[in-house]
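Below, each chain spelled out in residue letters.
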Amino acid sequence: MTTTPAPVRTRAGDRAAPAAPPLRPRRRPNDTSQWIAWAFVTPLMIYLVLFYAFPLYRNIELSLHDYTPRAFVRGNAEFVGFQNYADIFGSSSFAKAATNTALFTIGSIAFQYAAGLALAVFFRANFKLSAVLRGLFLIPWLLPMIVSASAWAWMFNSDNGIINAALRVVGLDPVNWLTSPDVALTSVIIANIWLGIPFNLVILYSGLQNIPADYYEAASLDGANAWQQFWRLTFPLLKPVSAITLLLGLIYTLKVVDLIWIMTAGGPGDTSTTFATWSYREAFGAGNPDFSPAAAVGNLLIVVALAFGLIYLQMQRKLEKQ
Amino acid sequence: MPRNTTRHTLAAVSVISLALLATGCSGGAPGTGTESSAAAKAFTVWDPYPQHTEGSDWAKRISACGDKAGVKIERTAYDTQALTNQALLAAQEGTAADVILLDNPAVSTLADTGALIDMESVGLDTSAIEPNLLAPGVLDGKTYGIPLGANTLALYYNADVLAKAGVDPASITDWASFQTALTKVKDAGSKAITFSAIGTEEGSFQFLPFFWGSGADLKDLDSPAAVEALELWTNWVKTGIAPNSVISNSQNTTWEEFLTGDFGFAVNGTWQVNAAAKAPFKSGYIPIPAKSGGVAPAPTGGEFLLMPVQKDESRYDTSKKIIECMSTNEGQVETANTFAYYIPATSDGQGLLLKQHPELKVWVDAVNKAKGRTSDNLGTNYPIISEQLWTAVQNSLSGAASPADALKAAQKAASEKTSK
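Computed from a predicted structure; not experimentally measured.

Cut-offs applied
Residues numbered from 1 in each chain as written. Chains lettered and ligands numbered in written order. Predicted model: local features only at pLDDT ≥ 70, side-chain atom pairs only at ≥ 80, totals over all residues. Helix = DSSP H or I, 4+ residues; strand = E, 2+ residues; numbered from the N terminus. Rg over C-alpha atoms; globule rule 2.2 N^0.38 Å. Contact = placed C-beta atoms within 7 Å. Pairing = 2+ DSSP bridges. Axes fitted to C-alpha atoms, helices over the stretch in contact; angles between N-to-C directions. Parallel < 35°, antiparallel > 145°, perpendicular 65-115°, else oblique. Left-handed = near helix turned anticlockwise from the far one by under 90°. Nonpolar A, V, L, I, M, F, W, Y, C, P; charged D, E, K, R; others polar. Domains from an automatic or database assignment. Buried ≥ 20, exposed ≤ 12 C-beta atoms within 10 Å, placed from the backbone. pLDDT = per-residue confidence, 0-100. Core = buried A, V, L, I, M, F, W, Y, C linked by C-beta atoms within 7 Å. Expected span 1.5 Å × (residues − 1). Bend = angle between axes of the 7 residues up to and from the residue. Right-handed = clockwise from strand over helix to strand, strands pointing away.

### As for the overall build of chain A
Within chain A, the regular secondary structure consists of 16 helices and 2 strands. Taken over C-alpha atoms, the radius of gyration comes to 28 Å for chain A, far larger than the 20 Å a tight globule of 322 residues would show. Seen along its three principal axes, the alpha-carbon backbone of chain A occupies a region of about 95 × 75 × 40 Å. Put simply, 67% of the contacts in chain A that link residues at least 6 apart link residues at least 24 apart.

### As for the environment of Lys 417 of chain B
Within the fold, Lys 417 of chain B resides in helix α18 (residues 403-418). In sequence terms Lys 417 of chain B and Gln 388 of chain B are 29 residues apart; their C-alpha atoms lie 10.0 Å from each other.

### Things to note about the sheet that holds strand β1 (residues 42-47) of chain B
Think of a sheet as strands paired side by side through backbone hydrogen bonds, with each pair either parallel or antiparallel. Residue and element names in this part refer to chain B. One open sheet holds the 5 strands; their spatial order is β2-β1-β3-β11-β6, and the pairing between them is mixed. Each having just a single partner strand, β2 (72-77) and β6 (146-147) make up the two edges of the open sheet. Bridge count for β1 against strand β3 (residues 99-103) is 2 bridges, and the pairing is parallel. Across the sheet, Val 45 pairs through a bridge with Val 99, a residue of β3. Contacts from helix α3 (residues 57-69) reach β1 and β2 within the one sheet, and its direction differs from that of β2 by about 150 degrees.

### A word on the packing of helix α17 (residues 382-397) of chain B against α18 of chain B
The axes of two packed helices give the description: the angle between them and the distance between them. Residues and elements named next belong to chain B. Packing of α17 against α18 brings their axes to within 9 Å, and their N-to-C directions diverge by 160 degrees. Looking at the two axes, α17 sits roughly antiparallel to α18. Taken as a pair, α17 and α18 cross one another with a handedness that is right-handed. On the side of α17, the interface is formed by Ile 384, Ile 385, Gln 388, Leu 389, Thr 391, Ala 392, Asn 395 and Ser 396, while α18 contributes Pro 403, Ala 406, Leu 407, Ala 409, Ala 410, Ala 413, Ala 414, Lys 417 and Thr 418. Tallied by class, residues from the contact of α17 with α18 come to 11 nonpolar, 5 polar and 1 charged.

### What to know about the domain arrangement of chain A
Looking at the assigned domains, one finds that chain A contains domain 1 (5-48) and domain 2 (92-321). Computed from C-alpha atoms alone, the centre-to-centre distance between domain 1 of chain A and domain 2 of chain A is 51 Å.

### Things to note about the environment of Ala 265 of chain A
Its location among the elements puts Ala 265 of chain A in the loop between α14 (258-263) and α15 (275-285). For Ala 265 of chain A, a count of 23 C-beta atoms within 10 Å translates into the label buried. The contact partners of Ala 265 of chain A, leaving out residues within four places of it in the chain, are Gly 199 and Thr 200 of chain B.

### Considerations on the packing of helix α5 (residues 92-124) of chain A against helix α13 (residues 239-254) of chain A
All names here are of chain A. It is at 9 Å that the axes of α5 and α13 come closest, and there the two elements cross at 140 degrees. By the criterion of interaxial angle, the relationship of α5 to α13 is oblique. As for the relative orientation of α5 and α13, their crossing is right-handed in sense. Residue-level inspection shows Thr 101, Phe 104, Thr 105, Ser 108, Ile 109, Gln 112 and Tyr 113 of α5 in contact with α13, the latter providing Thr 245, Leu 246, Gly 249, Leu 250, Thr 253 and Leu 254.

### Focus on the domain arrangement of chain B
All names here are of chain B. With domains assigned, chain B is organised as domain 1 (33-147 + 301-369) and domain 2 (153-299 + 377-418). Listed as interface residues are 15 residues of domain 1 and, on the opposing side, 18 residues of domain 2. At the level of elements, α5 (107-112) and α16 (361-369) are the ones that each hand at least two residues to the side of domain 1 that touches domain 2. In terms of residues, the side of domain 1 that touches domain 2 owes the most to one element, α16, which gives 5 residues. Tallied by class, residues from the side of domain 1 that touches domain 2 come to 9 nonpolar, 3 polar and 3 charged.

### Some words on the sheet that holds strand β10 (residues 283-286) of chain B
Residues and elements named next belong to chain B. Taken in spatial order, the 4 strands make up an open sheet running β8-β9-β7-β10, and their pairing is mixed. Both outer strands of the open sheet, β8 (191-194) and β10, are each paired with one neighbouring strand and no more. In this sheet, neighbouring strand axes are inclined to one another by 20 degrees on average, regardless of whether the strands run parallel or antiparallel. Relative to β10, strand β7 (residues 153-158) is paired through 4 bridges, and the arrangement is antiparallel.

### Here's the deal with the confidence of the model for chain B
Low-pLDDT stretches of the model should not have their predicted coordinates read in fine detail. All names here are of chain B. Put simply, chain B has an average pLDDT of 86, and 89% of its residues get 70 or more. Across chain B, helix α10 (residues 224-238) holds the top mean pLDDT of 96, while helix α2 (residues 32-38) sits lowest at 41. Considering only residues more than four positions removed or in separate chains, one finds that residues 1-7, a stretch of pLDDT under 50, has 10 contacts. What the predictor reports for the complex is a pTM of 0.81 with an ipTM of 0.77.

### Topic: the nonpolar core
Most often, soluble globular proteins have nonpolar side chains that are buried together. In this structure, Leu 102, Leu 110, Ile 193 and Leu 306 of chain B are the most contacted members of the largest nonpolar core, which totals 174 residues. Looking at this core, the element that brings in the most residues is helix α10 (residues 184-209) of chain A, giving 11 residues. Those residues in contact with Ile 193 of chain B that lie beyond four places of it in its chain are Leu 182, Trp 236, Ile 241, Ala 242, Phe 263, Gly 264, Phe 265 and Ala 266 of chain B.

### Let's talk about unusual backbone geometry
Even without glycine at this site, Ala 265 of chain A takes up a positive phi of about 55 degrees. Even without being glycine, Asn 377 of chain B reaches a positive phi, approximately 60 degrees. Mapped onto the elements, Asn 377 of chain B comes out in the loop between α16 and α17.

### Considerations on helix α9 (residues 201-213) of chain B
Residue and element names in this part refer to chain B. Compared with the 18 Å implied by 1.5 Å per residue over 13 residues, the 19 Å span of α9 between its first and last C-alpha is a close match. The sharpest bend along α9 reaches about 40 degrees and sits at Phe 207, with the proline Pro 209 one to four residues further on. When you tally the buried positions in α9, you get 12 out of 13 residues, the bulk of the element. Considered for burial, the residues of α9 that qualify are Glu 201, Gly 203, Ser 204, Phe 205, Gln 206, Phe 207, Leu 208, Pro 209, Phe 210, Phe 211, Trp 212 and Gly 213. One or two positions beyond α9, positive phi appears at Gly 215, with a value near 95 degrees.

### A closer look at the confidence of the model for chain A
Residue and element names in this part refer to chain A. For chain A, per-residue confidence averages 86 on the pLDDT scale, and 91% of positions sit at 70 or higher. Per-element mean pLDDT across chain A ranges from 44 in helix α1 (residues 5-16) up to 94 in α10. Across residues 1-18, where pLDDT falls below 50, the model places 8 contacts with residues more than four positions away in sequence or in other chains.

### Quick notes on the environment of Asn 132 of chain B
Residue and element names in this part refer to chain B. Along the chain, Asn 132 turns up in helix α6 (residues 131-134). A count of 18 C-beta atoms within 10 Å places Asn 132 in the partly exposed class. Between the C-alpha atom of Asn 132 and that of Gly 203, which follows or precedes it by 71 residues, the distance is 22 Å.

### A closer look at the pairing of strand β9 (residues 263-269) of chain B
Residue and element names in this part refer to chain B. The buried count for β9 comes to 7 of 7 residues, which makes it a mostly enclosed element. Here β7 pairs with β9 via 5 bridges, running antiparallel. For Leu 153, the partnering residue across the bridge sits in β9 and is Gly 269. Pairing analysis gives 3 bridges linking β8 to β9, with the strands arranged parallel.

### Brief notes about the pairing of β1 of chain B
Residues and elements named next belong to chain B. Of all 6 residues in β1, 5 are buried; the element is thus mostly enclosed. Here 6 bridges tie β1 to β2, and the two strands are oriented parallel to one another. Note that in β2 the partner of Ala 42 across the bridge is Lys 72. In this fold, β1 hands off to α3, which returns the chain to β2; that crossover is right-handed.

Below is the structure:
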């Protein structure tokens, strides 16, 4: 409100004194706008430094020292260089955690994406109750993680779970979903797929809304059937949206701790341990907090996520060139 | 005018960013320490009993101890594992509470950081406390805490199920007679036993009576005695004497399974005495038998009262009064009655409790035969060994490894980590 009359008066002033050297009054607003720009940026910078740069620095610092509980409190941890990283790579848990992380991430996002895309295409055809049904599919997203993870853990319970009860009714042998070393990882992947479908559905559905209906009209005039329309039109036009969905899904999935921790705590043994739960277990899951290896595993995850982020940027640049 | 507006905006923005900076900074280093010393009279107590909300008997008891010492107490409850982490963080920041109630196996780790005051130096007398119950608070000859009381594990049984199977609980005196009883219950069509073999400290806690009862030692995880104990559990799961879900059961879930009335036995703790009395079936408890007869040493459970180091040393006197109020014989009996978690840690206190509740004799005996998890000079190594132990139990019970291989791997990992 107070700023609106200001430019009018400046212009009036300029008109009143046309002989004045034009440089001074012009430079001043430039100067101040520079200042204002900085003033507006400063809070953001402070926020970024406090909540992003500093924690990241601290995490790196933790991983390069040997922080025992004693050293943590006294602040005199010994600098060990990359020893923690060497320990992590040499650990007997490393291969298992790496495979599990890959299986968990790829398995989760592949099925989430496929199911999300199928549902998005399904809901594109507006039919009665489609909005209500679409809303129902969002439920996994709205539930607190502790609720959905506990519910899955109960359903998967070997003796009293509803899934084994159903198997028994059909006459099949019950499966030790969470307590068998061969099945535990699959069980947490199934639960995670269920959790991730709404996210994929929402983003892909909004992506579909941006494809003009004329294209489909033209395609059907040319005699393309539904299958051809999907593979020749929908899928290629959805590529940019798919890429960002997959990237975000990947980052979300890499860092999943709560779901796995609530359902199996990474067990039995370390058969459902991923990098994220391994890091959590080292730091907070056992009686002896090992912050340094935990930070090293955490940094490893950040590097992996960053690598995929860079691949995404590269892909985007290529798409823009096309 | 325009210049003035810009100046105002500038000033406003810089004030806001300064304010942000200021709050940001104090956010980075929690100001609880300065706050509590500024409020001088408010004393802080942290405990791991979030189930006892404000207005509960326990909360009232703490504030009564504050009233006695002439101060107001601000109590904060945390989850057990969260409290250990919180205590470490607070020790680093110098913002710990005046009194912390901490799970006993974590005491030596915290004491080792130098964050705790030893009881002798503030003149708190610990001589009346049973040595086996005080042991988890002792590190390098100094005592860093006082048990609020102690609890341990025993075998609960469902008398109806046992009667149906023709099993007399008194006949269970060693592993062989126990196995016979379990098989009878199973053959009578009931589920025989449930326990918690979850991949957390609770899993080790429940396995220890069998591990120690077999004669094994935590310093030697792959000894033949240790393998025998793990074989016992593994065979129970394999032969269906115990359900497969024990691998992911917490002690609470185990108890819920027992309360269904389908199970003959359940391994559980002192804290379920009241719940067992309210169960819809007749129940009882017996000590866990050792392999070749007698009572197996069960691990002591329960919290210690600790005094973290404070910048303002004048606070110690009041903290000491609060601790005394909660740990006298009468205080311990009152705690035992407030929530049936605890058996007093002094023999006088135990005598007082037994006068009021003679039926708790099994528990008093069990607590007196119990063993601290950090005992045998394990101290700060216990949490490391325990993590390997529960991992071995998980691997063996789930079939990922044989009992001997699982324990061999555990011993290897434990000795690598503890030698560092």
